[in-house]
Amino acid sequence: MAINWFPGHMHKARKEIAEIMPQVDVIIEILDARIPFSSENPLVPELRGDTPVLKILNKSDLADPIQTQKWLEYLQQERGITAIAVTSQDPKQIKDLLNVISDMVPHRVSQDKQLRALICGIPNVGKSTAINILANRIIAKTGNEAGVTKAQQRIRLDNNIVLHDTPGFLWPKLEPEDCGYRLAITGGIKDTVTEKEDVAYYAIEYLMTHYPELLIERYQLKEMPETPIKVMDAIAVNRACIRKGGIADLYKVSEIILNDYRSGMLGAITLETVEQGIEAKAIGKIQEAERLAKKKAFEEKKKGKKRPRR
């Protein structure tokens, strides 16, 4: 299943970010600690130039701490990148980011100049909650669903920082396909544009390989079934999600699985390792190159048809 979600306000935000980027001193990109690669916006490296970037791995309380540490070490290998793991459950961690931001551009601070920061992140990554904590007041609308913020705004913070907030947006085509599934599992894509059963199946398949003990414990399985669908059938029995005729209600089971994952009831789980992220990036580059080649070939063919006959 290819997952695509690109509302109109996101297309507008993409243009606005490109326009404001040259005026920015620091870029703050909020990532989901459970999917650091899939929640990363490819426009940031494309548009940032030499602008320093603070990558915040939010929702770290829901992620595997061992994998989070590996991701922090990997991200900070790139020049100009500072990476920190936080959780909005600990507001002090968020407030301390003001000092981190100031330290990233000491020349602005020493000259007592206004520090201009751009904050961005995909939908439902916790950006609005972080802004409200940084500002010490309710400014950004929050909600446990994708696509709450719809327009840009400028916010004055402590430490002489002006924050440019942008709507959370995804790119037109989510590649590779695994990224779309991971975003759907965490809630980065609205449930209304996905097939819950398909997304839950993907989640179970991943958990069976990487976190089998958490599946067994949460759903009181005597042993691990052989396939994801059999796991879902077992959960249906344990949670009384049975329709007439003794058939498992896979829609209800899928809701239980996704809600348990998103709330942390399943445990601290990361859906992609550094190695998987590197592999996904390589696949994405190949697919992008293939798409550009096809586009170029199509344009040349189209151009050839328009040539006048002699």
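Residues numbered from 1 in each chain as written. Predicted model: local features only at pLDDT ≥ 70, side-chain atom pairs only at ≥ 80, totals over all residues. Heavy atoms only, no water.

**Here's the deal with the pattern of salt bridges**
Inference 1: Per the stated rule, a full pass over the model turns up 14 salt bridges.
Inference 2: In this structure, the salt-bridge partner of R34 is D32, at a minimum N-O distance of 2.8 Å.
Inference 3: Judged by its relative accessible area of 2%, D32 is buried.
Inference 4: Among the salt bridges present, the one from D191 reaches R262, with a minimum N-O distance of 2.9 Å. Taken together, the positions of D191 in the loop between α8 (177–186) and α9 (196–210) and R262 in helix α12 (residues 250–263) put the pair 71 residues apart, joining distant regions of the chain.
Inference 5: Through salt bridges with shared partners, one network takes in E29, E40 and K55. (Salt bridge = Lys/Arg side-chain N within 4 Å of Asp/Glu carboxyl O. Buried < 20%, exposed > 50% of the residue type's maximum accessible area, 1.4 Å probe, protein only. Helix = DSSP H or I, 4+ residues; strand = E, 2+ residues; numbered from the N terminus.)

**Some details on the pairing of strand β5 (residues 153–157)**
Successive residues of a regular strand alternate their side chains across the two faces of the sheet.
Inference 1: Taken together, the 5 bridges between β5 and strand β6 (residues 161–165) define a ladder with antiparallel strand orientation. Along β6, the bridge assignment pairs Q153 with D165.
Inference 2: With antiparallel pairing between neighbouring strands as the criterion, β5 and β6 make up a hairpin whose turn holds 3 residues, including N159 at a positive phi of roughly 65°. (Pairing = 2+ DSSP bridges.)

**Comments concerning the packing of aromatic side chains**
Inference 1: Under the counting rule described, the total for this entry stands at 2 aromatic pairs.
Inference 2: A ring pair is formed by Y181 and Y202, whose centres lie 4.7 Å apart and whose planes are at 0°; its orientation type is stacked. Placement of the pair is Y181 in helix α8 and Y202 in helix α9, with a sequence separation of 21 residues. Of the two residues, Y181 and Y202, neither departs from the other in class, the shared state being buried. (Phe/Tyr/Trp six-rings, centres within 6.5 Å; stacked < 30°, edge-to-face > 60°.)

**Considering the packing of α9 against α12**
Inference 1: At their nearest, the axes of α9 and α12 sit 9 Å apart, and the two run at 55° to each other. In this view, α9 runs oblique relative to α12, as classed from their interaxial angle. Crossing angle aside, the handedness with which α9 passes α12 is left-handed. Residues K196, E197, V199, A200 and I204 of α9 lie in contact with α12, whose contacting residues are L250, Y251, S254, E255, I257 and L258.
Inference 2: Considered class by class, the residues forming the contact of α9 with α12 number 7 nonpolar, 1 polar and 3 charged. (Axes fitted to C-alpha atoms, helices over the stretch in contact; angles between N-to-C directions. Parallel < 35°, antiparallel > 145°, perpendicular 65-115°, else oblique. Left-handed = near helix turned anticlockwise from the far one by under 90°. Contact = heavy atoms within 4.5 Å. Nonpolar A, V, L, I, M, F, W, Y, C, P; charged D, E, K, R; others polar.)

**Topic: the pairing of strand β3 (residues 81–85)**
Inference 1: Looking at chain direction, strand β2 (residues 53–58) and β3 are connected through 5 bridges and run parallel. When the sheet's bridge partners are listed, V53 is paired in β3 with I81.

**Quick word on helix α11 (residues 228–238)**
Inference 1: Those residues of α11 not exposed but buried are P228, V231, M232, I235 and A236. Seen end-on, α11 carries its buried residues on one side only, within an arc spanning 145°.
Inference 2: If you follow the buried residues of α11, they end up packed against α9, β7 (242–243), β8 (247–248) and α12.
Inference 3: A240, located one to two residues past α11, shows a positive phi value of around 55°. (Arc of directions from axis to C-beta.)

**Points about the sheet that holds strand β4 (residues 115–121)**
Think of a sheet as strands paired side by side through backbone hydrogen bonds, with each pair either parallel or antiparallel.
Inference 1: In space, the 6 strands of this open sheet follow the order β3-β2-β1-β4-β6-β5, with mixed pairing throughout. Across the chains shown, the open sheet's two edge strands, defined by having one partner strand only, are β3 and β5. Averaged over neighbouring strand pairs, the angle between their axes works out to 25° when direction is ignored.
Inference 2: This element, helix α3 (residues 65–75), spans β1 (26–32), β2 and β3 of the sheet and lies at about 165° to β3.

**Re the UniProt feature "binding site: GTP" (unreviewed entry) in the chain**
Inference 1: The positions UniProt marks with the feature "binding site: GTP" (unreviewed entry) are N58, K59, S60, D61, N124, V125, G126, K127, S128, T129 and G168. The subset of these annotated residues that lines the second largest cavity comprises N58.
Inference 2: Relative to the assigned elements, K127 resides in helix α7 (residues 127–135). (UniProt positions renumbered as here; feature names shortened; annotations may be inferred. 1 Å grid on protein atoms, 1.4 Å probe; cavity = no way out; pocket = protein on both sides within 12 Å on 5 of 7 lines; lining within 4 Å.)

**A closer look at empty space enclosed by the protein**
Inference 1: Going through the model one piece at a time under the given rule, you end up with 2 cavities of 30 Å³ or more.
Inference 2: Of the voids in this model, the second largest cavity is the one considered here, and its volume is about 40 Å³.
Inference 3: Lining the second largest cavity are I30, I56, N58, V86, I94, L97, I119, A130 and L134.
Inference 4: The set of elements that each furnish at least two residues to the lining of the second largest cavity consists of β2 and α7.
Inference 5: In the lining of the second largest cavity, the residues fall into 8 nonpolar, 1 polar and no charged. (Points joined across faces, edges and corners; volume = space filled by probe spheres on them.)

**Describing unusual backbone geometry**
Inference 1: Backbone geometry places N124, a non-glycine residue, at a positive phi of 60°.
Inference 2: Structurally, N124 is set in the loop between β4 and α7.
Inference 3: If you check the backbone angles, A240 has positive phi at about 55° while not being a glycine.

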